[in-house]
Amino acid sequence: MIPIAKPIIGDEEREAVLEVLNSGIIAQGPRVREFELAFSEFTGTEFAIAVNSGTAALHIALLAHDIGRGDEVITTPFTFISTSNSILFTGARPVFVDIEEETFNIDPDRIQERITGKTRALLPVHLYGHPADMRAIMEIAEDHELLVIEDACQAHGAEFNGKRVGSFGTGCFSFYPTKNMTTSEGGMITTDDKRIAERARMLRDHGSRERYIHEILGFNLRMTDISAAIGLCQLRKLPEFNRRRIENAQTLNRLIHNERIITPRIRENCKHVFHQYTIRVTDDRDRIVNILNEKGIGTGIYYPIPIHKQKLYKDLGYNETLPVSERLANEVISLPVHPSVTMENLEYISSVLNGL
Ligand SMILES: *Cc1c(COP(=O)(O)O)cnc(C)c1O
């Protein structure tokens, strides 16, 4: 089976973890600090705050901006549930805006009509590693004095107009094993705002700056030095990992010739880092997935149910129709393009698809 995702852990990571274990400092310590500095440099932000998941990054970023009960946050329904659940955690209400067919990302043209007096923030997702339209989004945010929090959990190293995602608003990253780089579990918040960075550091650590002095209500969402040691190795490899993902995606785009299949596009001025390579088939999706799996090709459906259609959200009273998201949820199939996928694999995948 060619798996849909595969973390690459080498001797470097193994040795770095052993070094931490032998050091005696195994929770948050010097490696976390080092990883934060390296990641902020990579993203091009002043600060980076490490936490123990991408979900924690989103949750803390929202809280650091004082988003809570009575507030509305505009986001996409075509994403992992974590994006909008983080809004719910704070007591605020997610407001869903439908997506663009071409990029699978929030459609800026539909944002304006959902802005109310309660709207505090826009929370775009750079889905599959393709940046959301940050020019339009930043413009709307400026016009309406809204905060921008980016869910960059799938987009480490992606760029819009030559600027890294996570550096437009407050950035949130995940290092789950299937992402473009991993720390096992882990996450990061990026920002240029000193006050937000300070609040995020306190929120991850029981509201304290100084041990046993507690200023606000916080959590324990810290990253361990074991994770950070893995992250430091992975961050050094990320440019090469991304290069291989992009190359694999370009190869598939070149080799797939089947008029029933729509291959992914890259919007002008965007660097897409292909966390997922996602094709669309306008009918018979389940049968095609079965054929691919039977022929040893791993697939993923990201995501089969848009968030506003999930039971949790229906129970909260969401009953709107967002037609593009609902249609694309039935059409998408993600195929393997992670760095371990070989040229032979790609030729095989495309020959199976071309024979459908
Ligand atoms: C992975 C992911 C998250 C959550 O990250 P975790 O580390 O799993 O908590 C949030 N949003 C998106 C779009 C993701 O892909």
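Within each chain, residue numbers correspond to sequence positions counted from 1 in written order. Under the rules for a predicted model, residues below a pLDDT of 70 receive no local features and side-chain atom pairs below 80 are neither given nor counted, while totals for whole chains, interfaces and linings still include all residues. Hydrogens are left out, water is left out, and the side-chain values use all remaining heavy atoms of the structure.

### Things to note about the domain arrangement of the chain
How far each domain reaches was decided by an automatic or database domain assignment. Looking at the assigned domains, one finds that the chain contains domain 1 (11-98 + 105-233) and domain 2 (238-354). In this structure, domain 1 and domain 2 have C-alpha centres spaced 24 Å apart. Whether two residues are in contact is decided by their heavy atoms: any pair within 4.5 Å suffices. Between domain 1 and domain 2, the residue contacts involve 33 residues of the former and 34 residues of the latter. Two parts lose some accessible area (1.4 Å probe) when they are put together, and adding that loss for both gives the buried area. In total, domain 1 and domain 2 occlude about 2900 Å² of area from one another, counting both sides; carbon and sulfur atoms represent 59% of this. Looking only at domain 1, the three residues that lose the most surface to domain 2 are Phe78, Tyr128 and Asn180, adding up to 25% of its buried area. Measuring nitrogen to oxygen at the nearest pair gives 3.3 Å for the salt bridge that ties Glu320 to Arg114. Pairs of N or O atoms within 3.5 Å make up the polar contacts considered here, provided that, within protein, one atom can donate a hydrogen while the other can accept it, and that residues adjacent in sequence are counted only when both atoms are side-chain atoms. The tally of links between domain 1 and domain 2 comes to 20 residue pairs in polar contact (both at pLDDT 80 or more). By the criteria applied, helices consist of DSSP H or I runs no shorter than four residues and strands consist of E runs no shorter than two, each listed in order from the N terminus. For the side of domain 1 that touches domain 2, the secondary-structure elements that each account for two or more residues are α4 (81-89), β3 (93-96) and β6 (159-160). In terms of residue count, the dominant contributor to the side of domain 1 that touches domain 2 is α4 (four residues). Taken together, the residues of the side of domain 1 that touches domain 2 break down into 15 nonpolar, 11 polar and seven charged. Salt-bridge detection follows one rule: a side-chain nitrogen of Lys or Arg within 4 Å of a carboxyl oxygen of Asp or Glu. Throughout this entry, Asp, Glu, Lys and Arg are counted as charged residues, while Ala, Val, Leu, Ile, Met, Phe, Trp, Tyr, Cys and Pro are counted as nonpolar. The remaining residues, Gly among them, count as polar.

### Some details on the site of the ligand
Near residues are defined by distance, with any heavy atom within 4 Å of the molecule or strand qualifying the residue. Inspection of the region around the ligand gives 15 residues, with Gly54, Thr55, Asp151, Ser174 and Lys179 positioned closest. Contact between the ligand and Gly54: an oxygen atom at 2.8 Å from a main-chain N or O atom of the residue. In this structure, an oxygen atom belonging to the ligand sits 2.7 Å away from a side-chain N or O atom of Ser174. Only the protein chains shown count as cover for residues, and all accessible areas are computed by the Shrake-Rupley method using a 1.4 Å probe. A total of 380 Å² of accessible area belongs to the ligand in isolation, and the protein chains cover 93% of it. Mapped by element, the contributors of at least two residues to the shell around the ligand are α3 (54-64) and α4. Residues belonging to the shell around the ligand are distributed by class as follows: four nonpolar, nine polar and two charged.

### Some points on the sheet that holds strand β9 (residues 187-191)
Two strands make a pair as long as DSSP finds a minimum of two bridges between them. Strand order in the open sheet formed by seven strands is β1-β9-β8-β5-β4-β2-β3, with mixed pairing between adjacent strands. The open sheet has two edge strands, β1 (47-51) and β3, and neither has a second partner. Sheet twist, expressed as the mean angle between neighbouring strand axes with direction ignored, is 25 degrees. The pairing of strand β2 (residues 72-75) with β3 spans four bridges and is classified as parallel. Directly across from Val73, in β3, lies its bridge partner Pro94. Packed onto the sheet, helix α2 (residues 30-43) meets β1, β8 (170-174) and β9 and runs at close to 130 degrees relative to β1. Lying on the sheet, helix α6 (residues 194-203) is in contact with β1, β8 and β9; it crosses β1 at an angle near 15 degrees. Axes, fitted as lines to C-alpha atoms, cover a helix only where it is in contact. Angles between the N-to-C directions of the axes lie from 0 to 180 degrees.

### Examining the side chain of Asn85
Position of Asn85 relative to the elements: it lies in helix α4. Think of it in three bands: residues with accessible area under 20% of the maximum for their type are buried, residues over 50% are exposed, and the middle band is partly exposed, with areas taken using a 1.4 Å probe on protein chains only. Its relative accessible area of 16% is what places Asn85 among the buried residues. Beyond its immediate sequence surroundings of up to four residues, Asn85 is in contact with Leu312 and Tyr313.

### Quick notes on the nonpolar core
We define the nonpolar core as a collection of buried residues of types Ala, Val, Leu, Ile, Met, Phe, Trp, Tyr and Cys that are connected through side-chain atoms lying within 4.5 Å of one another. Of all hydrophobic cores here, the largest spans 25 residues; its most connected members are Ile60, Leu62, Ile67, Val73, Leu123, Ile149 and Ile189. Looking at this core element by element, the count peaks at eight residues for α3. Once residues within four sequence positions are removed from consideration, Ile67 is found in contact with Leu62, Val73, Thr90, Ala92, Arg120, Ala121, Leu147 and Ile149. With 22 residues, the next largest nonpolar core counts Phe274, Leu292, Val337 and Ile349 among its residues.

### Considerations on the pairing of strand β14 (residues 277-281)
Counting buried residues along β14, five of its five residues qualify, which places the element largely inside the surrounding structure. Covered by surrounding structure in β14 are Tyr277, Ile279 and Val281 together with Thr278 and Arg280, the residues of both alternating faces. In the sheet, strand β12 (residues 261-262) pairs with β14 via two bridges, with the strands oriented antiparallel. Paired with Ile261 across the bridge in β14 is Val281. Two elements, β14 and strand β15 (residues 332-335), share four bridges in a ladder whose sense is antiparallel.

### A short note on a nonpolar patch on the surface
Taken together, the side chains of Leu18, Leu21 and Ile26 present a nonpolar region at the surface, about 260 Å² in accessible area. With respect to the secondary-structure elements, Leu21 resides in helix α1 (residues 11-23). The class for Leu21 is partly exposed, based on a relative accessible area of 43%. In this analysis, a patch consists of residues with relative accessible area above 30% that form no salt bridge, clustered at 9 Å for like charges and at 5 Å for the nonpolar side chains Val, Leu, Ile, Met, Phe, Trp and Tyr.

### With respect to the packing of aromatic side chains
Only Phe, Tyr and Trp rings are paired, with Trp represented by its six-membered ring, and only when their centres lie within 6.5 Å; those with planes under 30 degrees apart are stacked, over 60 edge-to-face, the remainder tilted. Applying the stated rule across the entire model yields 14 aromatic pairs. An angle of 70 degrees between the planes, with centres 6.1 Å apart, marks the rings of Phe35 and Phe39 as edge-to-face. One end of the pair is Phe35 and the other is Phe39, both in helix α2 and four residues apart, which spans about a single turn. According to the relative accessible area criterion, Phe35 is buried, its value standing at 0%. The interplanar angle of 65 degrees and the centroid separation of 5.6 Å between the aromatic rings of Tyr302 and Tyr303 together place this pair among those described as edge-to-face. The buried category is assigned to Tyr303, whose relative accessible area is 14%. Lying across the ring of Tyr318, Arg93 places its NZ or CZ 4.3 Å from the centre. Charge-over-ring contacts are defined here by two conditions on Lys NZ or Arg CZ: a distance within 6 Å of the ring centre and an angle within 35 degrees of the ring normal. The ring of Phe168 carries the charged tip of Lys163 above its face, separated from the ring centre by 5.1 Å.

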